[in-house]
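Observations on the three-dimensional arrangement
What follows is the residue order along each chain.
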Amino acid sequence: MTTVNDALREPTADGRFGQFGGMFVPETIVPACQELDREFRSAWADPGFRSELNQLLLSYAGRPSPLTRCQRLSEELGVRILLKREDLNHTGSHKINNVLGQALLTQRMGKTSIVAETGAGQHGVATATAASLFGMNCIVYMGTVDMARQELNVFRMRLLGAEVREAKSGSRTLKDAVNEAMRHWVAVADTTHYCLGSVMGPHPYPWMVREFQRIIGDEARAQCEEMLNGAMPDVVTAAVGGGSNAIGIFAGFADTDAELVGVEPAGGAAIGRQVPGIVHGSCSYLMQDEWGQVLEAESISAGLDYPGVGPEHSYLASIGRARYVSVSDDEVVEAFILLSRTEGIIPALECAHALAWVVRSKSELAGKTVLLNLSGRGDKDVDQMMEIIS
Ligand SMILES: *Cc1c(COP(=O)(O)O)cnc(C)c1O
């Protein structure tokens, strides 16, 4: 029997979380992954690296992010809701936590360039931001289709000094951008670090990105203790794309009795299918057809359009430590409007998924305390919402 305390630990030496994870990459990429594993391990054990990163998170990203008690929303739903405000970070989401960590690691490794993938452009913008701060070259791969859909983020990246390259293969979206970024990385790994944007990909990425995002959970844990006089929330919930903001907040509560709930879009519900496969270098649940071909994810929120999910989420689901649910686009639109109207906070469409689940489950959750990770702000989504609502 797996106890809750076994969850959210270090993976095995070969990068496994139970049957999930691993390093399923072409031989040519293995040395780069192994080097990254060694370098991250040594950096993470080095108090000097930790304190330098903390200083950056404080003075540049604006941490700690506050915990907000939602009075009007709580009254409306009959559920006590606390928001972890990752929307207030520099660049408007939790993504900055990960990219500052990886940029600092790049510098420590003596590398001068960063390559990254991006889907909706949020991770690309965060990476370009960190590269600018550190004075590094930055190349971001983005699918042709996504470049057309997210013109403004393409412009932002270029403004920040990054080169945006079109990923023209396959469906010309996020999964193709990951493939091309990896291909690029292998050829130039001696000078270049691949800055992956979520808790996915081959080992050590799922573990490393989780460690860079656990600041969310660690802060929220201390903030809850203070706000709730030592008590813990009954439920901790977050939206799941690749799963980095969710695993970051879950990490702070793994050893409590809090129920952990990840919310996927109905059109991108990888975990719900319970079929493991291999995509982008690791074994995890993913959306695939009967032949094992990866399917296209589709949701109202471009940031959640990923057919797979990080391997540790598959593990947490398989041992029953976390529960994964999905919500429809209509429910998300309703939740987006609700938070705007009751609390004066316009959320990113991604985290509106988590709120949509709370709204749907309000009778089951009546009287409970729910901690929700508000992963980003909604400024980027208002154009799209304007079209949908009118
Ligand atoms: C990118 C993004 C997500 C999805 O990524 P995860 O790795 O699942 O966290 C969620 N929310 C916001 C605001 C994002 O920008």
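Residues numbered from 1 in each chain as written. Predicted model: local features only at pLDDT ≥ 70, side-chain atom pairs only at ≥ 80, totals over all residues. Heavy atoms only, no water.

The domain architecture assigned to the protein consists of domain 1 (17–55 + 94–205) and domain 2 (63–93 + 216–389). Inter-centroid distance (C-alpha atoms) of domain 1 to domain 2 is 23 Å. Facing 32 residues of domain 1, the contacting portion of domain 2 comprises 36 residues. Here domain 1 packs against domain 2, burying approximately 2700 Å² in sum over the two surfaces, 65% of which is carbon and sulfur. (Domains from an automatic or database assignment. Contact = heavy atoms within 4.5 Å. Buried area = accessible area lost by both parts, 1.4 Å probe.)

Checked against the element boundaries, His123 lands in helix α5 (residues 122–134). Overall, the relative accessible area of 5% leaves His123 in the buried class. (Helix = DSSP H or I, 4+ residues; strand = E, 2+ residues; numbered from the N terminus. Buried < 20%, exposed > 50% of the residue type's maximum accessible area, 1.4 Å probe, protein only.)

The full count for this structure, using the stated rule, is nine aromatic pairs. Geometrically, the ring pair formed by Phe40 and Trp207 is edge-to-face, given 5.0 Å between the ring centres and 85 degrees between the ring planes. With Phe40 in helix α1 (residues 30–44) and Trp207 in helix α9 (residues 205–227), this residue pair connects regions lying 167 residues apart in the sequence. Judged by its relative accessible area of 0%, Phe40 falls in the buried class. By relative accessible area, Trp207 is classed as buried at 4%. (Phe/Tyr/Trp six-rings, centres within 6.5 Å; stacked < 30°, edge-to-face > 60°.)

So, about the site of the ligand. Surveying the vicinity of the ligand reveals 17 residues, the closest of which are Lys95, Ser198, Gly243, Ser244 and Ser375. Within the backbone of Gly242, an N or O atom sits 3.2 Å from an oxygen atom of the ligand. Within the side chain of Ser244, one N or O atom sits 2.7 Å away from an oxygen atom of the ligand. About the coverage of the ligand: the protein hides 95% of its 380 Å² of free accessible area. Across the shell around the ligand, the residue classes tally to three nonpolar, 12 polar and two charged. (Near = heavy atom within 4 Å. Polar contact = N/O pair within 3.5 Å; in protein donor to acceptor, adjacent residues only side chain to side chain. Areas by Shrake-Rupley, 256 points an atom, 1.4 Å probe, with all protein chains shown as cover. Nonpolar A, V, L, I, M, F, W, Y, C, P; charged D, E, K, R; others polar.)

Per the stated rule, a full pass over the model turns up 23 salt bridges. Put simply, Glu10 and Arg41 hold a salt bridge, and the shortest N to O gap is 2.8 Å. Note that Glu10 is positioned in the segment before β1 (16–17) and Arg41 in helix α1, a separation of 31 residues in sequence. With relative accessibility at 48%, the residue Glu10 sits in the partly exposed group. (Salt bridge = Lys/Arg side-chain N within 4 Å of Asp/Glu carboxyl O.)

Attention now goes to the sheet that holds strand β4 (residues 80–85). With respect to topology, six strands assemble into an open sheet ordered β3-β4-β14-β9-β10-β13, the strand pairing being mixed. Two strands close off the open sheet at either side, each with one partner strand: β3 (67–70) and β13 (322–327). Across the sheet, the mean angle from the axis of one strand to that of its neighbour is 25 degrees, orientation sign disregarded. Sheet topology places β3 next to β4; four bridges connect them, and they run antiparallel. Along β4, the bridge assignment pairs Arg69 with Leu82. (Pairing = 2+ DSSP bridges. Axes fitted to C-alpha atoms, helices over the stretch in contact; angles between N-to-C directions.)

This paragraph deals with the sheet that holds strand β7 (residues 163–167). Backbone hydrogen bonds hold the strands of a sheet together, and the pairing may be parallel or antiparallel. Strand order in the open sheet made by the four strands is β7-β6-β5-β8, with parallel pairing throughout. A strand with exactly one partner marks an edge of an open sheet, and here the two such strands are β7 and β8 (192–194). Strand-to-strand twist across the sheet, computed as the mean angle between neighbouring axes with direction ignored, equals 25 degrees. Of the strands in this sheet, β5 (113–118), β6 (137–143), β7 and β8 are in contact with helix α8 (residues 174–188), which crosses β5 at around 160 degrees.

This part is about the pairing of strand β12 (residues 282–285). Here strand β11 (residues 276–279) runs beside β12; their pairing, made up of four bridges, is antiparallel. By the bridge assignment for β12, Ile278 is matched with Cys283. Taken together, β11 and the strand that follows it, β12, pair antiparallel across an intervening segment of two residues, in which His280 is found at a positive phi of about 50 degrees.

Take unusual backbone geometry next. In the segment running from Arg63 into Pro64, the intervening peptide bond is cis, with an omega of -5 degrees. The peptide bond linking His203 to Pro204 adopts the cis configuration, its omega dihedral lying at 10 degrees. For Pro204, the position within the fold is in the loop between β8 and α9. Non-glycine residue Arg172 carries a positive phi angle of around 55 degrees. Residue placement: Arg172 occurs in the loop between β7 and α8. If you check the backbone angles, Asn229 has positive phi at about 50 degrees while not being a glycine.

What follows covers a negative patch on the surface. A cluster of acidic residues, Glu298, Asp329, Asp330 and Glu334, forms a negative patch on the protein surface. Of note, Glu334 is situated in helix α12 (residues 329–343). (Patch = residues over 30% accessible without salt bridge, like charges linked within 9 Å, V, L, I, M, F, W, Y side chains within 5 Å. Lys, Arg positive; Asp, Glu negative; His and termini not counted. Charge placed at Lys NZ, Arg CZ, Asp CG, Glu CD.)

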